[in-house]
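# A look at the structure
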Amino acid sequence: MNKYSFYKEMFIAVQEGSILSIQECAYKFFKFPIAICDTSFQMLAPDYPNELQNDDIWDIPNKTSRVPYEFIKLFHDHNLIEDVNKNPNKTIYINTG
């Protein structure tokens, strides 16, 4: 992946002003579904693409608009929440397999 191209296209997506444009751009580069939630694990938008992935980590939050406690515990057990807290300005990528 060419980081320069990614950043350039992502800034264009941000200028468009919608979460959907950002998700579309990220999906184009990463080729994985994109989920965006806030710090209370409330989903800010449906996953992109908005279709079932046959993976509970993706599908349940998309149906309920909230990340279930069990998933938050899983994130905690793998130190993902700690990583986010230590690096508040860094994006954390989670590969659920």
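Before reading further, recall that the structure is shown in the block above.
A brief structural summary. As the structure is a prediction and not an experimental result, all values here were calculated from the model.

Bringing helix α3 (residues 56–64) into the picture now. What α3 keeps buried is the set Trp 58, Asp 59, Pro 61 and Asn 62. Residues of α3 that are buried make contact with α4 (69–77). By the N-cap criterion, in which a side-chain oxygen at the helix start approaches the backbone nitrogen of a residue two or three places on, α3 is capped by Asp 55, the distance to Ile 57 being 2.9 Å. Just past α3, the residue Ser 65 takes up positive phi, approximately 65°.

Attention now goes to the side chain of Asp 47. Here Asp 47 shows up in the loop between α2 (19–30) and α3. Lys 63 provides the closest opposite charge to the buried, unpaired Asp 47, separated from it by 11 Å. Excluding residues that lie within four positions of it along the chain, Asp 47 makes contacts with Gln 23, Ile 34, Ala 35, Trp 58 and Asn 62.

Note the cis peptide between Tyr 48 and Pro 49, where omega equals -5°. By secondary structure assignment, the location of Pro 49 is in the loop between α2 and α3. Its identity as a non-glycine residue notwithstanding, Lys 31 has a phi of 60°, on the positive side. Tracing the sequence through the fold places Lys 31 in the loop between α2 and α3.

The rules behind each value
Going along each chain's sequence as written, the residues are numbered from 1 onward. Reporting in this predicted model follows two pLDDT cut-offs: at least 70 for local features of residues, and 80 or more for side-chain atom pairs to be given and counted; totals over whole chains, interfaces and linings ignore these cut-offs and use all residues. The basis for every side-chain value is the complete set of heavy atoms in the structure, and neither hydrogens nor water enter the calculation. Burial status follows relative accessibility: with a 1.4 Å probe on protein chains alone, a residue under 20% of its type maximum counts as buried, one over 50% as exposed, and anything between as partly exposed. Helix and strand definitions here come from DSSP, where helices need a minimum of 4 consecutive H or I residues and strands a minimum of 2 consecutive E residues; each element is numbered from the N-terminal end. In what follows, a contact means two residues having at least one pair of non-hydrogen atoms within 4.5 Å. Within 3.5 Å is the distance limit for a polar contact, defined as a pair of N or O atoms, with the added protein rule that one can donate a hydrogen and the other accept it, and that residues adjacent in sequence qualify only through two side-chain atoms. When charges are counted, Lys and Arg are positive and Asp and Glu negative, with His and the chain ends excluded. The term salt bridge refers to a pairing of a side-chain nitrogen on Lys or Arg with a carboxyl oxygen on Asp or Glu at a separation within 4 Å.

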